[in-house]
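One-letter residues, chain by chain:
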There are 2 protein chains.
Amino acid sequence: MKTNPVIECLLDHRSIRKFTEEEPTDEVLETIVRAGQQAPFASQTYSVLLSRKRETNPFKAPLSFTVCVDSYKFERIMEERGWEFYMNDLSFLFLSIQDASLMAENMIIAGRSLGLGSCLLGAAMGRADKIAEAFNLPPRVFPLVGLVMGYPDEDPPPRPRYPMEYTLFEDEYPRCAGKTVREAIKVMDEGYLAQDYYSSRNAKIPLTRGREETYTFKNYSWTEHICRKLGQWSPDPKMLLEQLEKRGFHITKSRE
Amino acid sequence: MKTNPVIECLLDHRSIRKFTEEEPTDEVLETIVRAGQQAPFASQTYSVLLSRKRETNPFKAPLSFTVCVDSYKFERIMEERGWEFYMNDLSFLFLSIQDASLMAENMIIAGRSLGLGSCLLGAAMGRADKIAEAFNLPPRVFPLVGLVMGYPDEDPPPRPRYPMEYTLFEDEYPRCAGKTVREAIKVMDEGYLAQDYYSSRNAKIPLTRGREETYTFKNYSWTEHICRKLGQWSPDPKMLLEQLEKRGFHITKSRE
């Protein structure tokens, strides 16, 4: 492995959920957002909402961002130039979620380099209507993900990731089976268990659909956690479709 | 603005489309992908395809990645653990596009820190079936975006971004109008024009829908370019929906 201060910063990433009382200065805030903006983009169709009211986020972080997909803002530019938005919303969203995420990752990294920790919060899409109300969002702005940031009051280790062989595939995608799958499970599960990740946060997704709980925090592992997420939650796209429609996005409609 | 080697690296980003003959070593490649993996994730549901055949990508880069949303791989883990995938595909994709993009941005930054330039290629989604064939992808893996990388044989300046006031909104989202919109247009257009961005690449999106060309490279600007993209292209989600369905993703279906 090569190394340098940037690589070190990238490899040192961990989510931070406890923050000190220290307030980041405006200069720190602007540096983080400015560095975010410099990420590559297809159309720069995102916005960043900010609340500095600690009580508005679950970890009482001093900076609580909501990264949004934003068509409204560019539509104002189109208006000014005599154009109308015409791309289908599905393609627009698939591209703009990428723009927004590339930007968010730059913010996370810039924050880390300045001593701030952060945590992404996945609940934003399901609460898009509530966030829209709180920030008085116009239509065509869709809250994608929360990002809280502040000076860390905890120092957890970086978390494990899949083996490289389960992530990077050259020339041909292998059929994953047997040993490879079990090795990926092992690396992730033993890694998270050794760090007491779920037990220290008392985080266990309850079982539904007739399954009986047999896991304790001694064996409740990363793959168990993600199985419960992808294996139990939100079988119906209706809720997300409704949130999108409330914000003015209609992903199955053609404009012609 | 605060600064440090990480911030400098983030602000120094520009897309690179010309590469030298030098081949990145395996160590460099592995550092880049490893740094990519350490990005935050919801479910780690992405994969990275790699081709080192220069002729397979438009800029003849030594490394040509395709970042994919990947449910297949985790479904093998679920199988091994006695689970079945249950989350609706729309929510899954909206979350996994984020995971994949966070990872891609880390790869881009790690690459830059090691002297490599890169360029994202947006055509992957529209060619998902072709990429699936080339890499023998199983179902439930969806090619999201291309990322070519190599040692730069050009040295373009970083490109302009929106003013901070058009990106970061504290407590309330303003109704963008008049001066603010024109200022955002001005910053982007004058910035790109001053760098001869489109003229040097001879890149102009042809006008359709009865519009007549009146622009030369003297005034063909960033907002004109993006207006032509979002104002003309792909009014129908059908093509993307079909590509998703071919890969086994059905975004309007409920699993119940």
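Our focus in this paragraph is helix α2 (residues 26-37) of chain A. For α2 of chain A, which comprises 12 residues, the first-to-last C-alpha distance of 16 Å matches the rise-based estimate of 16 Å (1.5 Å per residue) to within 8%. Listing the buried residues of α2 of chain A in full gives Val28, Leu29, Thr31, Ile32, Val33, Ala35, Gly36 and Gln37 of chain A. Where α2 of chain A is buried, its residues contact β1 (46-51), β2 (63-70), α4 (89-113) and β4 (141-150) of chain A together with α1 (5-11) and β5 (168-170) of chain B.

Let us now look at the domain arrangement of chain A. Along its sequence, chain A is carved into domain 1 (5-155) and domain 2 (164-230). On a C-alpha basis, the centroid separation for the pair domain 1 of chain A and domain 2 of chain A is 28 Å.

This paragraph deals with the pattern of salt bridges. By the definition in use, this model includes 36 salt bridges over all chains. The salt bridge partner of Glu170 of chain B is Arg52 of chain A, with a shortest N-O separation of 2.9 Å. Of this pair, Glu170 of chain B sits in strand β5 while Arg52 of chain A is found in the loop between β1 and β2, placing the two residues in two different chains. Its salt-bridge partner being Arg81 of chain A, residue Glu224 of chain B comes within 2.7 Å of it at the nearest N-O pair. Of this pair, Glu224 of chain B sits in helix α8 (residues 222-232) while Arg81 of chain A sits in the loop between α3 (72-80) and α4, which puts the two residues in different chains. According to the relative accessible area criterion, Arg81 of chain A is partly exposed, its value standing at 22%.

Now for the relation of the copies chain A and chain B. Superposing chain A onto chain B requires a rotation of 180° together with a translation of 0.0 Å along the rotation axis, leaving an RMSD of 0.0 Å. Taken together, the rotation angle and the small translation identify this as a two-fold axis. Comparing contact sets, 100% of the residues at the interface of chain A also lie at the interface in chain B, consistent with an isologous, same-surface contact.

Glancing now at the pairing of β2 of chain A. All names here are of chain A. Of all 8 residues in β2, 8 are buried, a share of seventy percent or more. Sheet topology places β1 next to β2; 6 bridges connect them, and they run antiparallel. Directly across from Leu50, in β2, lies its bridge partner Phe65.

Remark: the centre distance and the inter-plane angle together describe each pair of aromatic rings, the angle taken between the planes. Tallying each qualifying case throughout the model produces 29 aromatic pairs over all chains. Seen in terms of ring centroids, Phe41 of chain A and Trp222 of chain B are 5.9 Å apart; in terms of plane orientation they differ by 90°. Their pairing is edge-to-face. Remark: Trp222 of chain B occurs in helix α8 and Phe41 of chain A occurs in the loop between α2 and β1; the pair is interchain, linking two chains. Residue Phe41 of chain A is classed as buried on the basis of its relative accessible area, which comes to 19%. Taken together, a centroid distance of 5.7 Å and an interplanar angle of 70° make the contact between Tyr173 of chain A and Tyr72 of chain B edge-to-face. Taken as a pair, Tyr173 of chain A in the loop between β5 (168-170) and α6 (178-194) and Tyr72 of chain B in helix α3 (residues 72-80) lie in two separate chains rather than in one. For the pair Tyr173 of chain A and Tyr72 of chain B, a shared accessibility class is recorded, and that class is buried. Taken together, the aromatic side chains of Phe41 and Phe74 of chain A together with Tyr162, Tyr166, Tyr192, Tyr197, Tyr198, Phe217, Tyr220 and Trp222 of chain B make up a single cluster linked through ring pairs. In this structure, Arg140 of chain B is placed above the aromatic ring of Phe85 of chain B, and the distance from its NZ or CZ to the ring centre is 4.7 Å.

Before going further, it helps to examine the nonpolar core. Where a protein is soluble and globular, its nonpolar side chains tend to be buried together. Core analysis: the biggest nonpolar cluster contains 162 residues, and Phe65 and Phe94 of chain A together with Phe65 and Phe94 of chain B have the highest contact counts within it. Counting 6 residues, the second largest nonpolar core, distinct from the first, contains Ala61, Cys119, Leu121 and Val148 of chain B.

Here is what the cut-offs are and how they apply
- Residues numbered from 1 in each chain as written.
- Chains lettered and ligands numbered in written order.
- Predicted model: local features only at pLDDT ≥ 70, side-chain atom pairs only at ≥ 80, totals over all residues.
- Heavy atoms only, no water.
- Helix = DSSP H or I, 4+ residues; strand = E, 2+ residues; numbered from the N terminus.
- Expected span 1.5 Å × (residues − 1).
- Buried < 20%, exposed > 50% of the residue type's maximum accessible area, 1.4 Å probe, protein only.
- Contact = heavy atoms within 4.5 Å.
- Domains from an automatic or database assignment.
- Salt bridge = Lys/Arg side-chain N within 4 Å of Asp/Glu carboxyl O.
- Least-squares fit on C-alpha atoms with pLDDT ≥ 70 in both.
- Pairing = 2+ DSSP bridges.
- Phe/Tyr/Trp six-rings, centres within 6.5 Å; stacked < 30°, edge-to-face > 60°.
- Lys NZ or Arg CZ within 6 Å of the ring centre and 35° of its normal.
- Core = buried A, V, L, I, M, F, W, Y, C linked by side-chain atoms within 4.5 Å.

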